[in-house]
2 protein chains.
Amino acid sequence: MNMDCIGDWVRTHSIDKVSQEMDMQSVTLFGWVQEIRNLGGIRFIILQDSTGTIQITILKKHVAPEILQNSNFLQKRFSIAVKGTVKKTNMTTRGIEIIPTQIKLLNTAIEQLPIDITGKTPANIEARLDARALDLTTEKTLAVFKIQHTALQAIRDFLFEKGYLEVHTPRIIGSATEGGAELFNVKYFDQTAYLAQSPQLYKEQLTMSLEKVFEVGPFFRAEESHTRRHLSEFTSIDIEQAFANADDVMTLLEQVIHYVFVTVKEKCANELCTLKYNFETPQLPFKRLTYTEVLNSLKERGVDIPWGEDISTEAFRELGKLYPFFYFVTDWPSKAKTFYIKPRKDNPEICEGFDLMWRYIELVSGGTRIEHKDQLIDRMQEKGLNPESFKYHLQTFDWGMPPHAGWAIGLERLTMILTGRKNIREVTLYPRDRVRLLP
Amino acid sequence: MNMDCIGDWVRTHSIDKVSQEMDMQSVTLFGWVQEIRNLGGIRFIILQDSTGTIQITILKKHVAPEILQNSNFLQKRFSIAVKGTVKKTNMTTRGIEIIPTQIKLLNTAIEQLPIDITGKTPANIEARLDARALDLTTEKTLAVFKIQHTALQAIRDFLFEKGYLEVHTPRIIGSATEGGAELFNVKYFDQTAYLAQSPQLYKEQLTMSLEKVFEVGPFFRAEESHTRRHLSEFTSIDIEQAFANADDVMTLLEQVIHYVFVTVKEKCANELCTLKYNFETPQLPFKRLTYTEVLNSLKERGVDIPWGEDISTEAFRELGKLYPFFYFVTDWPSKAKTFYIKPRKDNPEICEGFDLMWRYIELVSGGTRIEHKDQLIDRMQEKGLNPESFKYHLQTFDWGMPPHAGWAIGLERLTMILTGRKNIREVTLYPRDRVRLLP
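Only a predicted model underlies this, so the values are computations on that prediction, with no experimental measurement involved. Starting from 1, residues in each chain are numbered consecutively following that chain's sequence as written. As they are written, the chains are lettered A onward and the ligands numbered 1 onward, keeping that order. This being a predicted model, a pLDDT of at least 70 is required before a residue's local features are given, and a value of 80 or more before pairs of side-chain atoms are given or counted; all residues contribute to the totals for chains, interfaces and linings. No hydrogens and no water enter the side-chain calculation; it runs on all heavy atoms of the structure.

**Q** Is there a simple way to explain the overall build of chain A in this structure?
**A** Runs of E in the DSSP output that reach at least two residues are strands. Runs of H or I that reach at least four are helices, and both are numbered from the N terminus. Across its full length, chain A holds 12 helices and 16 strands. Looking at chain A residue by residue over its 439 residues, the buried ones come to 59%. The contact criterion used throughout is that any non-hydrogen atoms of two residues lie within 4.5 Å. Here the contacts in chain A between residues at least 6 apart in sequence split such that 65% fall between residues at least 24 apart. Residues scored as positive are Lys and Arg, those scored as negative are Asp and Glu, and His as well as the terminal groups of each chain are ignored. Taken as the charge location is NZ of Lys, CZ of Arg, CG of Asp or CD of Glu. Of the side-chain charges in chain A, 54 are positive and 57 negative, and the distance between the mean point of each set is 7 Å. Only protein chains enter the accessibility calculation, which uses a 1.4 Å probe; a residue is then buried when its area is under 20% of its type maximum, exposed when over 50%, and partly exposed in between.

**Q** Any chance you could explain the interface of chain B and chain A here in plain terms?
**A** It is common to report an interface's size as the accessible area lost on association of the parts. Across the boundary between the two partners, chain B contributes 102 residues, which contact 102 residues of chain A. What gets called buried area is simply the loss in accessible area from a 1.4 Å probe that two parts show on being joined, summed for both. For the pair chain B and chain A, the two sides together bury roughly 8,500 Å², of which 65% comes from carbon and sulfur. Definition used for salt bridges: Asp or Glu carboxyl oxygen within 4 Å of a side-chain nitrogen of Lys or Arg. Counting across the chain B and chain A interface gives four salt bridges. Here E211(A) and R11(B) are joined by a salt bridge, their closest N and O atoms 2.7 Å apart. Polar contacts here mean pairs of N or O atoms no more than 3.5 Å apart (in protein, one a potential hydrogen donor and the other a potential acceptor; neighbouring residues in sequence count only if both atoms are side-chain atoms). One can count 34 residue pairs in polar contact (both at pLDDT 80 or more) joining chain B with chain A. Here the side of chain B that touches chain A takes nine residues from helix α4 (residues 139–161) of chain B, the largest share from any one element. One ladder, built from two bridges, connects strand β8 (residues 185–188) of chain A with strand β8 (residues 185–188) of chain B; its direction is antiparallel. Bridge pairing links N185(A) to K187(B) in β8(B). A pair of strands counts as paired when DSSP detects no fewer than two bridges linking them.

**Q** Sorry if this is basic, but what is going on with the sheet that holds strand β12 (residues 287–290) of chain B here?
**A** Each strand in a sheet pairs with its neighbour through backbone hydrogen bonds, running either in the same direction (parallel) or in the opposite one (antiparallel). All names here are of chain B. Strand order in this open sheet of eight strands is β6-β10-β11-β16-β15-β14-β13-β12, and the pairing throughout is mixed. The open sheet is flanked by β6 (165–166) and β12, the only strands paired with a single partner. Of the strand pairs in this sheet, strand β10 (residues 212–220) and strand β11 (residues 233–242) are connected by nine bridges, and their pairing is antiparallel. When the sheet's bridge partners are listed, K212 is paired in β11 with Q241. The convention used is that axes are lines fitted to C-alpha atoms, helices contributing only their stretch in contact, and that angles between N-to-C directions extend from 0 to 180 degrees. Sheet contacts for helix α6 (residues 246–267): β11, β12, β13 (326–330), β14 (353–358), β15 (361–368) and β16 (404–410); angle to β16, the most-contacted strand, approximately 30°.

**Q** What am I meant to see in the side chain of T263(A) here?
**A** Residues and elements named next belong to chain A. Mapped onto the secondary structure, T263 falls in helix α6 (residues 246–267). For T263, a relative accessible area of 8% translates into the label buried. A distance of 2.6 Å separates the side chain of T263 from the backbone oxygen of Y259, its partner in a polar contact. When residues no more than four places from it in sequence are discounted, the contact partners of T263 are T150, A154 and C268.

**Q** Honestly, the packing of α6(B) against helix α12 (residues 411–419) of chain B in this entry has me stumped. Any pointers?
**A** Angle between the axes and distance between the axes are the two parameters that describe a pair of packed helices. Residues and elements named next belong to chain B. Axis separation between α6 and α12 bottoms out at 12 Å; the angle between their running directions is 45°. Relative to α12, α6 is oriented oblique. Read as a crossing pair, α6 and α12 show a hand that is right-handed. Along its contact with α6, which presents I257, V260, F261 and V264, the element α12 presents L414, I417 and L418. Should an angle fall under 35 degrees it is called roughly parallel, over 145 degrees roughly antiparallel, and 65 to 115 degrees roughly perpendicular, with every other angle called oblique. Handedness of a crossing follows from how the near helix is turned relative to the far one, being left-handed for an anticlockwise turn of less than a right angle and right-handed for a clockwise one.

**Q** I tried to follow a negative patch on the surface on my own but got confused; where do I start?
**A** Taken together, the side chains of D157(A), E161(A), D157(B) and E161(B) define an acidic patch exposed on the protein surface. For the negative patch, the secondary structure elements donating two or more residues are α4 (139–161) of chain A together with α4 of chain B. Turning to its location among the elements, D157(A) is positioned in helix α4. Given a relative accessible area of 31%, D157(A) falls into the partly exposed group. Candidate patch residues must exceed 30% relative accessible area and have no salt bridge, after which like charges are joined if within 9 Å and Val, Leu, Ile, Met, Phe, Trp or Tyr side chains if within 5 Å. We get accessible surface area from the Shrake-Rupley algorithm with a probe of 1.4 Å; when it comes to residues, only the shown protein chains can shield them.

**Q** Could you clarify how one ought to interpret the relation of the copies chain B and chain A in this entry?
**A** Taken together, a rotation about one axis and a shift along it account for how the two chain copies relate. Least-squares fitting of one copy onto the other uses the C-alpha atoms of those residues that reach a pLDDT of at least 70 in both copies. Turning chain B through 180° and shifting it by 0.0 Å along the axis lays it on chain A, with an RMSD of 0.0 Å. Such a combination of rotation and displacement between the chain copies is what one expects of a two-fold axis. The C-alpha atom lying nearest the rotation axis in chain B is that of V186(B); the distance is 2.3 Å. Both copies present the same face, since 100% of the interface residues in chain B are matched by interface residues at the equivalent positions in chain A.

**Q** Help me out: how do you make sense of helix α10 (residues 373–382) of chain A in this one?
**A** Along an α-helix, residues three or four apart share an orientation, since each turn contains 3.6 residues. Residues and elements named next belong to chain A. Regarding α10, the residues found buried are L376, R379 and M380. Projected down its long axis, α10 shows its buried positions confined to an angular sector of 105°, all on one face. The exposed set on the far side of α10, more than 90 degrees from its buried face, consists of D374 and E382. On the buried face of α10, the contacting elements are α11 (391–395). Immediately downstream of α10, the backbone of G384 shows phi near 75°, a positive value. The arc in question is formed by the directions pointing from the helix axis toward the C-beta atoms.

**Q** Whenever I open this one, helix α8 (residues 291–300) of chain B confuses me. Can you help?
**A** Residue and element names in this part refer to chain B. By the burial criterion, the buried members of α8 are Y291, V294, L295, S297 and L298. Across the axial projection of α8, the buried residues extend over an arc of 165°, all falling on one side. In α8, the exposed residues that point more than 90 degrees away from the buried face are K299 and E300. Structurally, α8 contributes buried residues whose contacts are with β12, α9 (313–322) and β13. Backbone geometry just after α8 places G302 at a positive phi near 85°.

**Q** Hey, could you run me through the packing of aromatic side chains in this one?
**A** Think of a pair of aromatic rings as described by two things: how far the centres are apart, and how the planes are tilted against each other in angle. The criterion for an aromatic pair is that two Phe, Tyr or Trp rings (for Trp, the six-membered ring) have centres within 6.5 Å, with stacked assigned to planes under 30 degrees apart, edge-to-face to planes over 60 apart and tilted to the rest. Taken as a whole and judged by the stated rule, the model has 40 aromatic pairs over all chains. When the ring of Y188(A) is compared with that of F184(B), the centres are 5.3 Å apart and the planes differ by 20°; the resulting orientation is stacked. Of the two residues, Y188(A) sits in strand β8 while F184(B) sits in the loop between β7 (172–173) and β8, which places them in two different chains. Owing to a relative accessible area of 5%, Y188(A) belongs among the buried residues under this scheme. Overall, the relative accessible area of 1% leaves F184(B) in the buried class. Aromatic pair F325(B) and F326(B): ring centres 5.4 Å apart, planes at 75°, arrangement edge-to-face. A relative accessible area of 26% places F325(B) in the partly exposed class. Take F326(B): its relative accessible area is 6%, and that puts it in the buried class. Grouping aromatic residues by their ring pairs yields a cluster made of F261(A), Y277(A), F279(A), F286(A), F325(A), F326(A), F328(A) and F354(A). When the ring centre of W9(A) is taken as origin, the NZ or CZ atom of K83(A), which lies over that ring, is 4.9 Å away. Think of it as a cone above the ring: NZ of Lys or CZ of Arg counts as a charge over the ring if it is within 6 Å of the ring centre and within 35 degrees of the ring normal.

**Q** Would you mind showing me how to read the pairing of β13(B) here?
**A** On any regular strand, side chains alternate: one points to one face of the sheet, the next to the other face. All names here are of chain B. Counting buried positions over the five residues of β13 gives five, a clear majority of the element. One ladder, built from four bridges, connects β12 with β13; its direction is parallel. Bridge pairing in β13 links K287 to Y327. Across four bridges, the pairing between β13 and β14 is antiparallel. In the sheet register, F326 faces β14, and the bridge partner there is W358.

**Q** Just checking my understanding: could you explain the sheet that holds β7(B) for this structure?
**A** In space, the six strands of this open sheet follow the order β7(A)-β9(A)-β8(A)-β8(B)-β9(B)-β7(B), with antiparallel pairing throughout. With partners counted over all chains shown, the strands left at the sheet margins are β7 (172–173) of chain A together with β7 of chain B, one partner each. Here two bridges tie β7(A) to strand β9 (residues 191–195) of chain A, and the two strands are oriented antiparallel to one another. From the neighbouring strand, I172(A) faces β9(A), where its bridge partner is L195(A).

Here it is in C-alpha cells:
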C-alpha cells in the first residue's frame, strides 16, 4: 500500500464548518477514518477530525476506479485527505455527505485498536488511560478538553481585563514552601532541591511590585494515596493581589467562577451535549458559611467534629447534601490553616482563610496573608517551622510588603465540575501515575 | 508607630489613571513611598504603585496636624494609602499633584534598602538578583515584565484565533524525551523519574486527536554552564499541528512573531520608552537561508565549518553581523538534528528541521516530524537511542499518527529581543540559580 504526501493539497474546511449551504461546493478535508460500512454498491466512510465527523459516500459504480481501489484498503484510524463535493441528503443526521473525487492515504494504523473509538463500546478508565492518545480521539474525551480549554481561556480573559499580570515562578526550589506537605526531591547538580507545591511565597513577594499577579501551571505534591480527586502533578491557577483582603479576593473569585460557567455554557453547548451533562449558572453571591456554622450543621446530622479540627472529606460529603452547589467556608480556626494565613485582629483564634466548596469538592483555597514579618515568624514557630529556612522569603518583608490576599483554583477539579466527570484522571491529558506511557 | 488597616477605604484609581482632567477631584490611592523630599515648608512624597508614580505635596502650614505627624515617620517603601485632591500644577512633569487630606500607614520597611529603587544609582545584576523582589519595583524591571506579559498574551490570542487548543502535559516523566541532553532526576516515590525538557512527544501524540495544540510552561535542562542565554528552568511556548509540514508552521511562526512585535510596539510604548529601547516591526516573509548557504557565507568570512557539523554560537555571532534581524536556517543535515525530525524524501541526508534566528540568538526550533513508526525506529537507532525505552510513545504510532509539524519558542529569549536585555537572568522573575533566595 503506497502512502501519499499532502503535497500541494490545502485543507479548505474543518469538518464542523461543512454545511448544507455548501451544496455542490468542492472541499478538501483532512482527518481519520472513524468507521467504514459496506452496503452492496455503496461504501460509507465516516471521516473524523478534531471538530466532528462527516460521511463520505462512495457509490461503487460511479466513482473513479482508483478511489474505489484506494478505499478498499482503508481501515479505522488511517489518516486521509479527501477532495470531493458536498451534497445535500436526508440520509445523514447532518443532512450532508461528501462525494469524493480523490482520496490520499497519508498514514496507516493497526487493525486491532485497543479501544473502540466510536464510543459505542465504552472502555473502562484503566484501558482508556493505557491508550490515552487514542482515547483522546473519542468525542466525549475531546469534549472534556475543549471545555477545559474554554474555561481556562475565560479565566485568563477575566483576569487580564482586571489588570492581573501573568507570571512564571520557579518550580525547582530550595526548600519546602508550605512546611508540612510532602515534596518531591530533585537532584540539582550537587544539591538537593524540591519541586514547588505552589507559587505561594513567590506570588506574595510579587505583590510588592506587580501588585496583581496570576500564574497557571503545573505544581507537585508527593501524596501516595491516589484518590479520585488528587493528582501528584496538577495544574494550579493562582492569583495574589496587593492592598486586598479575603473579602476582596472572594468577590473576585465569585465573579471569575460565574464568568467561567456563563462562557462554557455559551461556547461549549455542543460539548456539554456530547457529554450529556448540563449545569445551572451559579447565582451570586455564593453562600458564605463560617467554619462554626458548618460544625453545627454537621452536628445536627450526627457528625461531631471538635472545634479546631480539620473537616474530613466524609464530613464534607454530608455537607454537600445540604449545600449542593458553591459555598464558601470562612472563619477557619487559625490552627487549621497554614502559617501565612492572617489571624483576625479581634480574635486571633480565627483566621481570614477561606475555602470555596462545590458540594463536597474543595475547589479553591485562599485568604488574607500576613504582611508583618514578626507576626509571620511567630506563626511559623507555632507551626513548628524553622524561620531560618525561610530567611530569604522573610527578608523581602523588610522591603515594603503590602497587605495582600489571594487564592488558588485547581484546574482539574474545576474541569470535573464543568464536565460532570467523577474521576480526576479523566480530566488530565496524561495523569502522572501513567507516566510509564511515555518516555 | 501605629499601623493602620485598609478598613473601608477603597482605591479609586491606579496612579497612571490620575490625570489633569481630574483637577479638584477626590481620590484614594494605594502604593509605596518611593522618595521623600523636605524643602522648608513643603514635603514632597513620591507615591509609587505598579502603574507609575505621582507627587503628594504636603504644605506644612496648611495640612491637618495628624497628616504632618504621620508623614514625619514615613520612609522609602512604606506601604501607604492616601486620600486627597488632585491639583493641576506646572511644578511636576505629569502636570498634577495630590494634596492629601488623610494618610494611612499600612506597612513599614527597613531604612537601608539593598538597592536604589529609583534607579538613579543602578545596581549590578548580582545585587539586583539578590534583592529581586525589591529590584522588581524599579521602573525598568517592571517594564520588562509588562512587555513579557503583553508578548505572551499576544501569542495566546493569535493561537486561540487560529484554533489551537491549550494543553497541559506532564513534567515528571519516565525517561529522556530527546535522548542526548541532560535531565534532572526526581525521586518519584520508589522510582527514579525525570523532569521534562519539552512536551515534544506528548504534543506529537496530541495531534492525533486535538490536531492543533499549544502549551506554555516551565521545562528543565540540566546544563551546568550558565551562559547569558541559557537557563536550567525556562518557559517554553510549544505548538504542534496535524496535517502540516515545516513550511506551514514556519508561515504561522512568522505571523506570530510579527503580531507580537506589532502588539508590543502598540501597547507597550511607555515601557519601551522607560527601557530606552526600540525596534522595527519585522518585515514578512523572514529571510530563509539553507544550512549550506550559511556555511558558504561563513566560509567567505573565514569561518570554516565541515558540512554536517552543528553551527557554534561564535559562528552565529559572525552570521548575525550579516543578517542583523530575523532569519530562518533550513535544510539542516539530518545528523545535526534530533531523531524525530523528518529527513527529506528526495535526499535523506537533509531534514525538514529549521531554526528561527534573531541575529545570533536561536529563538525557535521546529520542523516536520516523522509520522511513520519504522522510520522513527531507524532514526532512533542511528542516534544510538534504544527504541525499547520509547515503546509507549512508539505504540501511539499504531493508532493513526497524522503527518505533523511544530516548533518551540523560548519565552525568555523572546523577551530579551523585545526589551533589548543582554542577560537572560534579567528577564526571569527568579532565575533558578538564585533559588537560594527563596525557600
